[in-house]
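Listed below are the residues making up each chain.
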Amino acid sequence: MDLDAVRTFVAVADAGQFQEAAAHLSITQQAVSKRIAALEKDLGVRVFTRTARGAQLTIDGQAFLPHARDLLQAEERAAASVRPGSRPLRVDVIGRRLAPAGLLRGFHRAHPETELDVVTLFDADTAIAAVRAGTIDASFRAVTLPARQLPDGIEAARVLDEPIQLLTGPAHEFAAARAVAPAQLAGHRIWMPGIVAGTEWAAYYDDLAAAFGLTIEATGPDFGTEPLLDTIADSAVLATFVGEQTRFVWPADDDLRRVAVHHPTPVYPHSLIWRSDNPHPALTTLRNYLGSNRPDHRDAETWTPTWAQ
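This report concerns the structure included in the present document.

Rules used throughout
- Residues numbered from 1 in each chain as written.
- Predicted model: local features only at pLDDT ≥ 70, side-chain atom pairs only at ≥ 80, totals over all residues.
- Heavy atoms only, no water.
- Helix = DSSP H or I, 4+ residues; strand = E, 2+ residues; numbered from the N terminus.
- Contact = heavy atoms within 4.5 Å.
- Expected span 1.5 Å × (residues − 1).
- Bend = angle between axes of the 7 residues up to and from the residue.
- Axes fitted to C-alpha atoms, helices over the stretch in contact; angles between N-to-C directions.
- Parallel < 35°, antiparallel > 145°, perpendicular 65-115°, else oblique.
- Left-handed = near helix turned anticlockwise from the far one by under 90°.
- Nonpolar A, V, L, I, M, F, W, Y, C, P; charged D, E, K, R; others polar.
- 1 Å grid on protein atoms, 1.4 Å probe; cavity = no way out; pocket = protein on both sides within 12 Å on 5 of 7 lines; lining within 4 Å.
- Points joined across faces, edges and corners; volume = space filled by probe spheres on them.

Turning our eyes to something else, we now look at the side chain of Asp123. Looking at the secondary structure, you find Asp123 in the loop between strand S4 (116–119) and helix H6 (124–133). Those residues within four positions of Asp123 in sequence are excluded, and the remaining contacts are Arg141, Thr199, Glu200 and Trp201.

This is the structure:
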């Protein structure tokens, strides 16, 4: 059904005259007549009768009018659902306990009027494909590709260098240490069953292990965060890496310890990824917010993989 004809029908019904409806729609009276004729042909009934006082709805026109209004309202809702600024900004944050989720919470506190739709996709390839397809507006990811190798129309900017910490149980050798150097961890077992080959976080920890001669084990099934923390809490030899801003809650009797890693400090390079032609106004607001705290990557006391430099 031609929605322009439906819109013209409603305008005539409201105005009671073809001429006044034409002026309201900024079209000619002849165009109004043609649209009404096409609508009547489509419906198979007359919707108006002409009188000396203008246009009067027929019985069929009266029956059709509320449905015509519903059609136009549905059209407006459909357009508004994808109109920039009229829908929530959809952002991928990898995990809701991780640093990017914290960045997005900070953005929302600073801009509470901005509607957000937060999703968690699996890896950078999936996220970039979603950004390209327009199913999400932006994603926080570690970008293992140089900018020149990103797909056409996709942009990325570093927004957070997050220090990595060592997480141990109370019986671990480094449990009482205020800080350790990466080189001191050589020969110690670091257990990270959540590492999945081919992901950006696997690339990061593979490079970290190679740079400092570390043993990072991804063996065994990944039962999730709580079983991992329970195992670390009970072990004198296993430890794991966590981001400084990763939010964990564990029972008090686990007595887990976060130990800083310095000289140098490994930092995880979080970037924001977006489509350069995305017109959503909240995307610009988010980029400006993140850009005001953009990290300085030139600190000699930090370490990142070569692909992040």
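Attention now moves to helix H4 (residues 59–80). With 22 residues, H4 ought to run about 32 Å at 1.5 Å a step, and its terminal C-alpha atoms sit 33 Å apart, in line with that. In the structure, H4 departs most strongly from a straight axis at Leu65, where the bend amounts to approximately 35° and where the proline Pro66 lies between one and four residues downstream. In this structure, the buried residues of H4 make contact with helix H1 (3–15), helix H3 (29–43) and strand S2 (54–57).

Residue placement: Thr225 occurs in helix H8 (residues 225–234). The sequence separation of Thr225 and Pro193 amounts to 32 residues, and the corresponding C-alpha distance is 9.8 Å. Setting aside residues up to four positions removed in sequence, Thr225 forms contacts with Arg97 and Phe248.

The subject of this paragraph is the packing of H1 against helix H2 (residues 18–25). Where H1 meets H2, the closest approach of the two axes is 8 Å, and the angle between their N-to-C directions is 125°. Between H1 and H2, the crossing angle belongs to the class labelled oblique. The interaxial crossing formed by H1 with H2 has right-handed handedness. On H2, the residues touching Arg7, Thr8, Ala11, Val12 and Ala15 of H1 are Phe18, Glu20, Ala21, His24 and Leu25. Its residues placed into classes, the contact of H1 with H2 shows six nonpolar, two polar and two charged.

Moving on: the packing of H1 against H4. Direction vectors running N to C along H1 and H4 enclose 125°, while the axes themselves pass 9 Å from each other. By the angle between their directions, the pair H1 and H4 is classed as oblique. Here the hand of the crossing between H1 and H4 comes out left-handed. Contact residues: Leu3, Val6, Arg7, Phe9, Val10, Ala13 and Asp14 in H1; Gly61, Phe64, Leu65, Ala68, Arg69, Leu71, Leu72 and Glu75 in H4. Taken together, the residues of the contact of H1 with H4 sort by class into ten nonpolar, one polar and four charged.

The volume enclosed by the largest pocket comes to roughly 880 Å³. Along the wall of the largest pocket there are 33 residues; nearest its centre are Leu98, Met192, Gly194, Trp201 and Phe248. Counting residues per element, the ones that place at least two in the lining of the largest pocket are strand S6 (154–168), helix H7 (200–212), H8, strand S10 (238–243) and strand S12 (265–275). Residue classes in the lining of the largest pocket are distributed as 20 nonpolar, eight polar and five charged.

Bear in mind that shape data such as this cannot, by itself, settle questions of function.
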